[in-house]
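# A closer look at the structure
Each chain is listed here by its residues.
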Number of protein chains: 2
Amino acid sequence: MKAVAMPTVSRVAVCGGTHGNELAGVYLVRERLKRRADGTEPVSVVTVMSNPRAVQLCVRYVETDLNRCFTRATLSAPVSETSPYEMIRSQELNALLGPKGSAQAVDLLCDLHNTTANTGLCLITYSDCDWICLHICKHLQARTNTSCAGKAMHKSMEIGPQPHSVVRSVIFSAMQEGVQLMMDWICQFNSGGFSTTNPCRNLFAVCVFMNIDYPRDSETHVITAAVHPNLQDRDFCLLHPGDPMFLSFSGETLRYKGKEALYPFFINEGAYYEKGIALSLARKRRVEIPSVRSETLR
Amino acid sequence: MKAVAMPTVSRVAVCGGTHGNELAGVYLVRERLKRRADGTEPVSVVTVMSNPRAVQLCVRYVETDLNRCFTRATLSAPVSETSPYEMIRSQELNALLGPKGSAQAVDLLCDLHNTTANTGLCLITYSDCDWICLHICKHLQARTNTSCAGKAMHKSMEIGPQPHSVVRSVIFSAMQEGVQLMMDWICQFNSGGFSTTNPCRNLFAVCVFMNIDYPRDSETHVITAAVHPNLQDRDFCLLHPGDPMFLSFSGETLRYKGKEALYPFFINEGAYYEKGIALSLARKRRVEIPSVRSETLR
């Protein structure tokens, strides 16, 4: 199969602090901003602190979740002084890095996140056909213990476990390495270095099938059980029908009642309590990625 | 040595949610409140959600840290509608469980906390001479992996590691077991069951010697290093002069420069970033606890 010709990736955005209390991304962006570009970089990278007010307060968001503001509707809605801060900020970021979907937009945006779940390094992408992102994921998988979850030239890099409002050195370093490996791949791709070493590949990714909420009191909706110790921290390990899923605060084991073995992830993520998600369950799928080459060299 | 006669412990308070995002204590208190007392309990226990507004919002505190409001000055200060919520709440709690230091006060107050540090089960008490608390600590040490840190009939039970705004089942269970073991000791003490089995004992506790802040930028005061991977999660393991302490975000190892080997704890606790504490360093000390017996039986 012939390599598919694709435009070079000439403008990249690295964003951290989209959630202000996910500190590995916050400190990585600060560190990058200290080192001024000297004009010799092979790729133009814009480094952005996405939600500076939330970072300042060390909270996920100030008024509304910035990460849910990048819909076309929100990006084009009229704003006033009374609009939520994150809605205004999403339009600022769209002007800086977009407009989303336009020719002026950056070619690739890497948004840095942390999770309290034991996901390791996990790339989240939103399309089966975004071959650049999928090749980068494959590149990272070969060099680190990276998972890929699929749900555009926009990908999130999630790393855990790390409590929110805390930075752990090993998580910071893993994120730094992930960003560096991504940059390495982009440089090689742009320079044509992959014309032979970048064959058609299979990537195993997981695709969300359903979200599971915590067991709750039917009247008060208060959570009545925690994730079972046998499941806690076992992100991306197959969960079989009948396996323990929750342990209630009164000591009762609640089991997975589905009929299909699935892959759990984002297990016990702190920020998802308010969203009613204890974990996501996913199916594994094989994605075929064609060989790619950069257009400019032919 | 003859056993020291002490009053029975007839009124106990179990408090959770003093910090509203430390969820093991929050759920333990909720679970206890569901089970109504049936009048047959050997000890009168009052169970209290200390900071319900912070619990509702899942934050450490709403306006000011409730755990710093129990000074005599704050408890006796005049309050108005504009006073910080936690200042008003501390006076309500003092009316309910105190007044602090008076004969009407509860005999023992156990305040449930979580930490992102890997402390395991750790009891914090504020006096060398609070023999009831120290005996309870010894009782727990013999049955679980409990540490004791010394700084009146008030003790904090800290358990970690657990991210704030998250409840982990094993941490919840360890806290539940800790409270149960405390109650067991109190019942045995009250019934005179310790007259022979409760000899003079030595307890090893750690006493805070100094707090260490994160390395910071001299101009911006922004943190420039994380706790070193060799030190992270090694609470209560001796730190020697020259041992790695921090790893800067640019990759430089910073070492412990003290001349004395000390015991680190509360390593990388999320809530202490704002207090300028990366870890506490403590000296170990041996505390002699005399045998005690309850007064009413003689």
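Quick notes on the rules
- Residues numbered from 1 in each chain as written.
- Chains lettered and ligands numbered in written order.
- Predicted model: local features only at pLDDT ≥ 70, side-chain atom pairs only at ≥ 80, totals over all residues.
- Heavy atoms only, no water.
- Contact = heavy atoms within 4.5 Å.
- Buried area = accessible area lost by both parts, 1.4 Å probe.
- Salt bridge = Lys/Arg side-chain N within 4 Å of Asp/Glu carboxyl O.
- Polar contact = N/O pair within 3.5 Å; in protein donor to acceptor, adjacent residues only side chain to side chain.
- Helix = DSSP H or I, 4+ residues; strand = E, 2+ residues; numbered from the N terminus.
- Buried < 20%, exposed > 50% of the residue type's maximum accessible area, 1.4 Å probe, protein only.
- Expected span 1.5 Å × (residues − 1).
- Axes fitted to C-alpha atoms, helices over the stretch in contact; angles between N-to-C directions.
- Parallel < 35°, antiparallel > 145°, perpendicular 65-115°, else oblique.
- Left-handed = near helix turned anticlockwise from the far one by under 90°.
- Domains from an automatic or database assignment.
- Pairing = 2+ DSSP bridges.
- Phe/Tyr/Trp six-rings, centres within 6.5 Å; stacked < 30°, edge-to-face > 60°.
- Lys NZ or Arg CZ within 6 Å of the ring centre and 35° of its normal.

All right, on to the interface of chain A and chain B then. Accessible area lost during the coming together of the parts is what is often quoted as the interface size. In this assembly, 29 residues from chain A lie in contact with 29 residues from chain B. For the pair chain A and chain B, the summed buried area comes to about 2400 Å², and 61% of that belongs to carbon and sulfur atoms. Arginine 168 of chain A is the salt-bridge partner of aspartate 233 of chain B, the closest N and O atoms lying 2.6 Å from each other. Here chain A is connected to chain B by eight residue pairs in polar contact (both at pLDDT 80 or more).

Let us now look at the environment of arginine 89 of chain B. Residues and elements named next belong to chain B. Note that arginine 89 resides in helix α4 (residues 85-97). Given a relative accessible area of 13%, arginine 89 falls into the buried group. Note: C-alpha distance between arginine 89 and proline 52 (37 residues apart in sequence) is 9.4 Å.

This paragraph deals with helix α5 (residues 131-143) of chain A. Over its 13 residues, α5 of chain A runs 18 Å from end to end, which matches the ideal 18 Å to within 8%, given 1.5 Å per residue. Those residues of α5 of chain A that fall on the buried side of the exposure criterion are Ile132, Cys133, Leu134, His135, Ile136, Cys137, Lys138, His139 and Leu140 of chain A.

In this section: the packing of helix α1 (residues 23-34) of chain A against helix α6 (residues 169-190) of chain A. Residue and element names in this part refer to chain A. Running from amino to carboxyl end, α1 crosses α6 at an angle of 55 degrees, the nearest separation of the two axes being 9 Å. Relative to α6, the element α1 lies oblique. You can see that α1 and α6 cross each other, and the crossing is right-handed. Each of Ala24, Gly25, Tyr27, Leu28 and Arg32 in α1 lies in contact with α6, whose residues at this interface are Ile171, Phe172, Met175, Gln176, Val179 and Met183.

Now for the domain arrangement of chain A. Residue and element names in this part refer to chain A. As far as domains go, chain A holds domain 1 (4-202) and domain 2 (206-286). Computed over C-alpha atoms, the centres of domain 1 and domain 2 are 27 Å apart. On the side of domain 2, 18 residues touch domain 1, which itself brings 20 residues to the contact. Taking both partners together, domain 1 and domain 2 bury about 1400 Å²; carbon and sulfur atoms supply 48% of that area. Taken as a group, Arg60, Thr116 and Asn118 account for 25% of the area that domain 1 buries against domain 2, more than any other trio of residues on that side. The interface formed by domain 1 and domain 2 holds one salt bridge in total. Ionic pairing is found between aspartate 65 and lysine 275, a salt bridge with its closest N-O pair at 3.4 Å. At the junction of domain 1 and domain 2, the tally comes to nine residue pairs in polar contact (both at pLDDT 80 or more).

Moving on: the sheet that holds strand β9 (residues 225-227) of chain B. Residues and elements named next belong to chain B. Overall, antiparallel pairing links the three strands, which are arranged β9-β10-β11 in an open sheet. Each edge of the open sheet is held by one strand with a lone partner, namely β9 and β11 (253-255). The mean angle between the axes of side-by-side strands here comes to 35 degrees, regardless of whether they run parallel or antiparallel.

Side chains that differ in charge, positive against negative, can pair when their charged atoms come close. Residues and elements named next belong to chain A. The final tally for this structure, using the stated rule, is 18 salt bridges over all chains. Aspartate 213 is paired through a salt bridge with arginine 216; the nearest N and O atoms lie 2.8 Å apart. Of the residues examined, aspartate 213 reaches a relative accessible area of 30% and is grouped as partly exposed. Residues joined by salt bridges that share partners form a network here, namely Glu22, Arg60, Asp65 and Lys275.

As a further point, take the packing of aromatic side chains. All names here are of chain A. Scanning all chains against the criterion turns up 16 aromatic pairs over all chains. Arranged with centres 5.1 Å apart and planes meeting at 10 degrees, the rings of tryptophan 185 and phenylalanine 189 form a pair that is stacked. Residue tryptophan 185 and its partner phenylalanine 189 are both found in helix α6; the two are separated by four residues, about one turn of the helix. When its relative accessible area of 2% is taken as the criterion, tryptophan 185 is described as buried. Three or more aromatic residues link up through ring pairs in this structure, and these residues are Phe236, Phe265, Phe266 and Tyr272. Over the ring of tyrosine 27 we find arginine 30, and its NZ or CZ is 5.1 Å from the ring centre.

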